[in-house]
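Here is how the chains run, residue by residue.
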Amino acid sequence: MRARAGWAIMAGMTVSRPAVPASPVHALAPPTLGQVLEVVQGLWPRELAEPWDAVGPVAGRPEAPVRTVLWALDPVQAVADEAVARGADLVVTHHPLLLRGTSSVAAVGHAAAAKGRLLHTLIEHRVALLAAHTNADAVVGGVSDVLARAVGVIGALSPLTTSAAGRAGDVT
């Protein structure tokens, strides 16, 4: 968990803040998407992403408040629908939606229409979308480290020579 401006992003569904008296004088506004993006940059720096990757914000306004975050592996329509149903303000996915170039985000009439429908769902309901992919893999303690430990890799982990996003180590 990392904190910035009195807020903490937690590996769960909501953005939390320190307890304060319930007085309007002491009430804290929820963090903005821009503030959340600063925290994300601290956790998973964009500079660690592979050159071919598409990490970072995909949709959303920096001034929009973020109260509820939905975490998912892939940005698919079912995730967008769940975000809307839960009233989420932000969806953070591991895999990027727009990894390869597209010429349209229309919801019909082309090969990438499913991506267009997903984006329309999120934008029409004011839900931001953020991808943390190889930058989240490459950071120490990130996805690659967690997966390596989950399958029994022991001892020191070292980045792969072909990609900082991978890890090498000994298996028990």
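Above this text is the structure in question.
These remarks concern the structure in this document.

Reading guide: rules and limits
Residues numbered from 1 in each chain as written. Predicted model: local features only at pLDDT ≥ 70, side-chain atom pairs only at ≥ 80, totals over all residues. Heavy atoms only, no water. Pairing = 2+ DSSP bridges. Helix = DSSP H or I, 4+ residues; strand = E, 2+ residues; numbered from the N terminus. Axes fitted to C-alpha atoms, helices over the stretch in contact; angles between N-to-C directions. Contact = heavy atoms within 4.5 Å. Buried < 20%, exposed > 50% of the residue type's maximum accessible area, 1.4 Å probe, protein only. Arc of directions from axis to C-beta.

## Section: the sheet that holds strand β4 (residues 56–59)
Now for step 1: Taken together, 4 strands build an open sheet; the order of strands is β4-β7-β6-β5 and the sheet is mixed. Looking at strand neighbours, the two that pair on one side only are β4 and β5 (69–72), the edges of this open sheet. Between one strand axis and the next, the sheet turns by 25 degrees as a mean value, whatever way the strands run.
Now for step 2: Strand direction decides the pairing type here: β5 and strand β6 (residues 90–93), joined by 4 bridges, are parallel. Residue pairing for β6: W71 is matched across the bridge by V92.
Now for step 3: Most of the contacts of helix α1 (residues 33–43) go to strand β7 (residues 128–131), to which it runs at about 10 degrees, and overall it touches β4, β6 and β7.
Now for step 4: Across the sheet, helix α2 (residues 77–86) is in contact with β5 and β6; its angle to β5 comes to roughly 160 degrees.

## Remarks on α1
Now for step 1: Looking only at α1, the buried set comprises L33, V36, V39, V40 and L43. Projection of α1 onto a plane perpendicular to its axis shows the buried side chains occupying an angular sector of 115 degrees, all on one side.

Structural measurements only, silent on function.
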